[in-house]
Structures are given as C-alpha cells and as structure tokens.
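# Summary of the model geometry
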Amino acid sequence: EAQVTQNPRYLITVTGKKLTVTCSQNMNHEYMSWYRQDPGLGLRQIYYSMNVEVTDKGDVPEGYKVSRKEKRNFPLILESPSPNQTSLYFCASSRTDRGFKETQYFGPGTRLLVL
Amino acid sequence: RKEVEQDPGPFNVPEGATVAFNCTYSNSASQSFFWYRQDCRKEPKLLMSVYSSGNEDGRFTAQLNRASQYISLLIRDSKLSDSATYLCVVNRRSQGNLIFGKGTKLSVKP
C-alpha cells in the first residue's frame, strides 16, 4: 500500500529535550515536505526537499532541522524544543514529473506537546 | 494582503445545495494551484488540481482566473460526506514552496 508514515503519532516532551519525528514514504517520491498546523494559522511549510541531499526552508524553519540522506526518509529534528513548537505536524511527499502538478500525499500527523 | 486568502466560513448548507468557495492569491508568479480537503484532525487529501482552462471532476468544478489571481471551487448537489474543511493551495517562489490558505469549513446538513 502506497503511504507516508510518521512516528511517533503522539509525543509529550519537555523544553530543551531533543527529539526527532520520522517520516518515510514507499512511493519513490522525489519531493518531501514538513508542515505544522495550528488553530487560526492553518498549515505552514517548515522545510521541503526536492530530492536526496537537497533541502530548502519553507515559511517557518526556525527551531527545526531536516536531512534527506535517503529518498524515502525525511526526518524532522527539534534540537531544543520550546512550548511554541506545540503543534500538529504533517509530512508529505509527491512526484515531480510534471513540474509541480502532482498529488501530495500526507502522513497521518504527529501531535506534539512541549511542556 | 495575505498570500492566500479564503472565505472564512463556516458554510452551513442543506443536502443538495450548490456551494462555492473563493480563494485569492497575491503572488502573480504562482504556477501551481490546488484544492485539498481536510477532515477533522486528519491529514489533508488532494481534491483536485486547478488548471487555467478550468476543470471538473464529478460534482466538483475548479476555476482559475490568473488576471484576478482568483481560484474557485464549486460543489454541486452537496452530500453529507462533503462536510470538511477545504484548503486552497498555491506555490510561491519555487515549485516546492507551497502556501496553504487557512481553509473554509463546510457543513452539509440533512
């Protein structure tokens, strides 16, 4: 089954404790992206990657890191989480054959609470 | 002006109604346009891409007006299952940099 998986799905942590949210896709997609969704602010792009070893900032990259060492994985790293990073996080992937007309497939989301 | 603006909603309509959502975008260089659907606490899913000539998929019709920087989504014969939040999505400075509108909530009542 074609899918994007994220782990963990739910996480409660404390300020300053480094964490990683994993994202993996099994569709051989070149493009992957991370978003956060907050009430009243909608979905905002954190980072995206057009292919292996190619990453770029989205609109809200501060406090986050990403890496793309393999095509299928795109982990999101919070080196020193703060309460304002409490949010619902989505990973997404897509092909890029037709420019950027392809469907983005989203993972199920990760709910993060930083105390 | 916000980069992507949508009707705030909520739209409460009876089954069978026709409902239209509007979206405006500020970057005239945008090339890719989409409508996504998001059910409560779930991941967004692509409803349809929006092409310059307009496109239709069953009960759903999307239109793009580049001159006015305006995108629309028309839903005909609304079903209870259409209840969701509809997100307008536009790309920005690069193909991969996507901007989501805040969404318009639709509630279809029996």
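These remarks concern the structure in this document. (Residues numbered from 1 in each chain as written. Chains lettered and ligands numbered in written order. Predicted model: local features only at pLDDT ≥ 70, side-chain atom pairs only at ≥ 80, totals over all residues. Heavy atoms only, no water.)

### With respect to the overall build of chain B
Helices and strands together make up the secondary structure of chain B, namely 0 helices and 11 strands. Along the chain direction, N to C, the helices and strands of chain B fall in the order β-β-β-β-β-β-β-β-β-β-β. Expressed along its principal axes, the backbone C-alpha trace of chain B runs to roughly 40 × 30 × 25 Å. Per-residue burial over chain B gives 48% buried out of 110 residues. Within chain B, contacts between residues at least 6 apart in sequence are counted, and of these 56% link residues at least 24 apart. For chain B, the accessible surface area stands at approximately 5,200 Å², while carbon and sulfur atoms represent 49% of it. Counting 15 positive and 10 negative side-chain charges, chain B places the centres of these two groups 6 Å from one another. (Helix = DSSP H or I, 4+ residues; strand = E, 2+ residues; numbered from the N terminus. Buried < 20%, exposed > 50% of the residue type's maximum accessible area, 1.4 Å probe, protein only. Contact = heavy atoms within 4.5 Å. Areas by Shrake-Rupley, 256 points an atom, 1.4 Å probe, with all protein chains shown as cover. Lys, Arg positive; Asp, Glu negative; His and termini not counted. Charge placed at Lys NZ, Arg CZ, Asp CG, Glu CD.)

### Considerations on empty space enclosed by the protein
All names here are of chain B. Applying the stated criterion across every chain, the model contains 1 cavity of 30 Å³ or more. Its volume calculated, the largest cavity comes out at about 40 Å³. Around the largest cavity, the lining residues are Glu3, Val4, Ser26, Asn27, Ser30, Val90, Asn91, Arg92 and Ile99. Residue classes in the lining of the largest cavity are distributed as 3 nonpolar, 4 polar and 2 charged. (1 Å grid on protein atoms, 1.4 Å probe; cavity = no way out; pocket = protein on both sides within 12 Å on 5 of 7 lines; lining within 4 Å. Points joined across faces, edges and corners; volume = space filled by probe spheres on them. Nonpolar A, V, L, I, M, F, W, Y, C, P; charged D, E, K, R; others polar.)

### Digging into the pattern of salt bridges
Under the defined criterion, the tally for this structure stands at 8 salt bridges over all chains. Among the ionic pairs, aspartate 38 of chain A bridges to arginine 36 of chain A, the shortest N-O distance being 2.9 Å. For arginine 36 of chain A, a relative accessible area of 8% gives the class buried. Arginine 76 of chain B is the salt-bridge partner of glutamate 56 of chain B, the closest N and O atoms lying 3.5 Å from each other. Residue glutamate 56 of chain B is found in strand 6 (residues 55-57), and its partner arginine 76 of chain B is found in the loop between strand 8 (70-75) and strand 9 (84-91); the two are separated by 20 residues along the sequence. The exposure class of arginine 76 of chain B is partly exposed, given its relative accessible area of 27%. (Salt bridge = Lys/Arg side-chain N within 4 Å of Asp/Glu carboxyl O.)

### A word on the side chain of serine 24 of chain A
Residue and element names in this part refer to chain A. Here serine 24 shows up in strand 3 (residues 19-25). We classify serine 24 as buried; its relative accessible area is 15%. Side chain to side chain, serine 24 and asparagine 73 meet in a polar contact 3.1 Å long. (Polar contact = N/O pair within 3.5 Å; in protein donor to acceptor, adjacent residues only side chain to side chain.)

Distances and angles like these do not, on their own, reveal function.
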